[in-house]
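# Secondary and tertiary structure notes
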Amino acid sequence: MSTVTASDAPRLSAWRGYVADLWRRREFATYLARANLRARNANTALGLLWWVLNPLLLSLVYFLVFGVLFNRIDEQPRYLAHLLSGMFVFNFTTLSMTGGANSILGNMSLLANIRFPRLILPISALIEATVGFLASLLVFYLLAIPVDGILPGFELLALPAVLVLHVVFNLGLAALTARLVIPFRDINNLIPHLTRLWLYLSPIIWPITFVTDRAPWAAKWLVLNPMVPLVDLYRWVLMGDELASTSVIGSIAWAVAIFVLGILAFVRYEGNMVRHI
């Protein structure tokens, strides 16, 4: 069966055909995700638990360094829950980014020999990351309830909507990194450094007030960090923290903007991918 490529004819009919082709091959995306999950964890004793343990162990390191040594526990109420909620959300996004790039590099034989909508590859990587993120939310409450006394509230009913928004944002990022990794192979080595900088510039280890109180001029630049409103949304859903209306608007705006940019960049280029392999 031939595959409709929206890159060949960017008309509305072509995009409809492309989306329809993606839907017809949805089982292929889930099959790739399951196969990658099994292969990635086949040689480890804990298997899929590492999807949760990696951000959890990193969170515990930050908790000991910043929470205990730098006394953030005294200055930031419910610091462990504050830290875990941000780390799990951020890890979901970074796994989607790296997964998008690796989905292309790890499936070059498929790209060269089989004709299908290439967007299936970053989508399958996103499915993998989503499975790990959902598991991490259970771990969050297992630790937040006994340590910080946080119980799920009515805000948790909004989790599906926030998760959809997050998935849309992550898919845009995954498609964007997948688009860049073929002509620029070094982008895969650059992503960990960029995400580490992004982590320190986000309200995950430190609250926003830590930055704004010490450098008020930096407050206006926070709007340029999409992780700021997104983490705020999750802390409202998971912890019952106050939610600013600007966080809702900002999260929607960033999700739509990154999604459109990533999908357009990827689909318009996917017809040329084989030439650069």
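Each value, and the rule that gives it
- Residues numbered from 1 in each chain as written.
- Predicted model: local features only at pLDDT ≥ 70, side-chain atom pairs only at ≥ 80, totals over all residues.
- Heavy atoms only, no water.
- Helix = DSSP H or I, 4+ residues; strand = E, 2+ residues; numbered from the N terminus.
- Buried < 20%, exposed > 50% of the residue type's maximum accessible area, 1.4 Å probe, protein only.
- Contact = heavy atoms within 4.5 Å.
- Areas by Shrake-Rupley, 256 points an atom, 1.4 Å probe, with all protein chains shown as cover.
- Expected span 1.5 Å × (residues − 1).
- pLDDT = per-residue confidence, 0-100.
- Patch = residues over 30% accessible without salt bridge, like charges linked within 9 Å, V, L, I, M, F, W, Y side chains within 5 Å.
- Salt bridge = Lys/Arg side-chain N within 4 Å of Asp/Glu carboxyl O.
- Axes fitted to C-alpha atoms, helices over the stretch in contact; angles between N-to-C directions.
- Parallel < 35°, antiparallel > 145°, perpendicular 65-115°, else oblique.
- Left-handed = near helix turned anticlockwise from the far one by under 90°.
- Nonpolar A, V, L, I, M, F, W, Y, C, P; charged D, E, K, R; others polar.
- Core = buried A, V, L, I, M, F, W, Y, C linked by side-chain atoms within 4.5 Å.

## Overview of the overall build of the protein
Looking only at helices and strands, one finds 12 helices and zero strands in the protein. The secondary structure elements of the protein, listed N-terminal to C-terminal, are α-α-α-α-α-α-α-α-α-α-α-α. For the protein, with 277 residues in total, the buried portion stands at 49%. Across the protein, every contact between residues at least 6 apart in sequence was considered, and the portion connecting residues at least 24 apart equals 77%. For the protein, the exposed surface amounts to about 14,100 Å²; the carbon and sulfur share of it is 68%.

## Thoughts on helix 11 (residues 227-239)
For helix 11, built from 13 residues, the straight-helix expectation of 18 Å at 1.5 Å per residue is met to within 8% by its first-to-last C-alpha distance of 17 Å. Once helix 11 ends, the next one or two residues include Gly240, with phi positive near 80°.

## Some points on the confidence of the model for the protein
The predicted model of the protein has a mean per-residue pLDDT of 82, with 85% of residues at 70 or higher. Low pLDDT, under 50, characterises residues 1-10; the stretch is placed with 27 contacts to residues that sit more than four places away or in other chains.

## Describing a nonpolar patch on the surface
Together, Val248, Ile249, Ile252, Val256, Val260 and Leu264 make up a nonpolar patch on the protein surface, roughly 470 Å² of accessible area in all. On the secondary structure map, Val260 appears in helix 12 (residues 245-269).

## Thoughts on the pattern of salt bridges
Under the definition given, this model contains three salt bridges. With its nearest N and O atoms 3.0 Å apart, the salt bridge here joins Arg25 to Asp21. Given a relative accessible area of 18%, Arg25 falls into the buried group. Judged by relative accessible area, which is 0%, Asp21 ranks as buried. In this structure, Asp241 and Arg78 form a salt bridge, with 2.5 Å as the shortest nitrogen-oxygen distance. Of this pair, Asp241 sits in the loop between helix 11 and helix 12 while Arg78 sits in the loop between helix 4 (72-75) and helix 5 (79-105), and the two are 163 residues apart along the sequence. Assessed through its relative accessible area of 30%, Arg78 is described here as partly exposed. Several salt bridges converge on common partners, so that one network encompasses Asp21, Arg24 and Arg25.

## So, the packing of helix 7 (residues 120-148) against helix 8 (residues 159-181)
Orientation of helix 7 relative to helix 8, taken along the N-to-C sense of each, is 140°, at an axis distance of 10 Å. It follows that helix 7 is oblique to helix 8 by the angle criterion. Of the two possible hands of crossing, helix 7 and helix 8 adopt the one that is right-handed. Here Pro122, Ile123, Leu126, Thr130, Phe133, Leu134 and Leu137 of helix 7 come into contact with helix 8, specifically with Leu159, Leu163, His166, Val167, Asn170, Leu171, Ala174, Ala175 and Ala178. Along the lines of polarity and charge, the residues of the contact of helix 7 with helix 8 split into 13 nonpolar, three polar and no charged.

## So, the nonpolar core
Among the nonpolar cores identified, the biggest contains 72 residues, and Phe140 and Tyr234 are the most heavily contacted of them. In terms of residues, this core owes the most to one element, helix 5, which gives 13 residues. Those residues in contact with Phe140, other than ones at most four positions away along the chain, are Ala81, Leu84, Ser85, Phe88, Leu238 and Met239.

## Quick look at the environment of Trp236
When you line up the elements, Trp236 lands in helix 11. Exposure remark for Trp236: the relative accessible area of 24% places this residue in the partly exposed category. Placed 80 residues apart in sequence, Trp236 and Leu156 show a C-alpha to C-alpha distance of 8.5 Å. Apart from the residues within four sequence positions on either side, Trp236 is in contact with Glu155, Ala158, Asp241 and Leu243.

## Structural notes on the packing of helix 8 against helix 11
Where helix 8 meets helix 11, the closest approach of the two axes is 10 Å, and the angle between their N-to-C directions is 160°. The angle between the axes of helix 8 and helix 11 places the two elements in the roughly antiparallel class. Crossing handedness for the pair helix 8 and helix 11: left-handed. For the pair helix 8 and helix 11, the contacting residues are Leu159, Val162, Leu163, Leu165, His166 and Phe169 in the first and Leu230, Leu233, Tyr234 and Val237 in the second. A breakdown of the residues in the contact of helix 8 with helix 11 according to their chemical character gives nine nonpolar, one polar and no charged.

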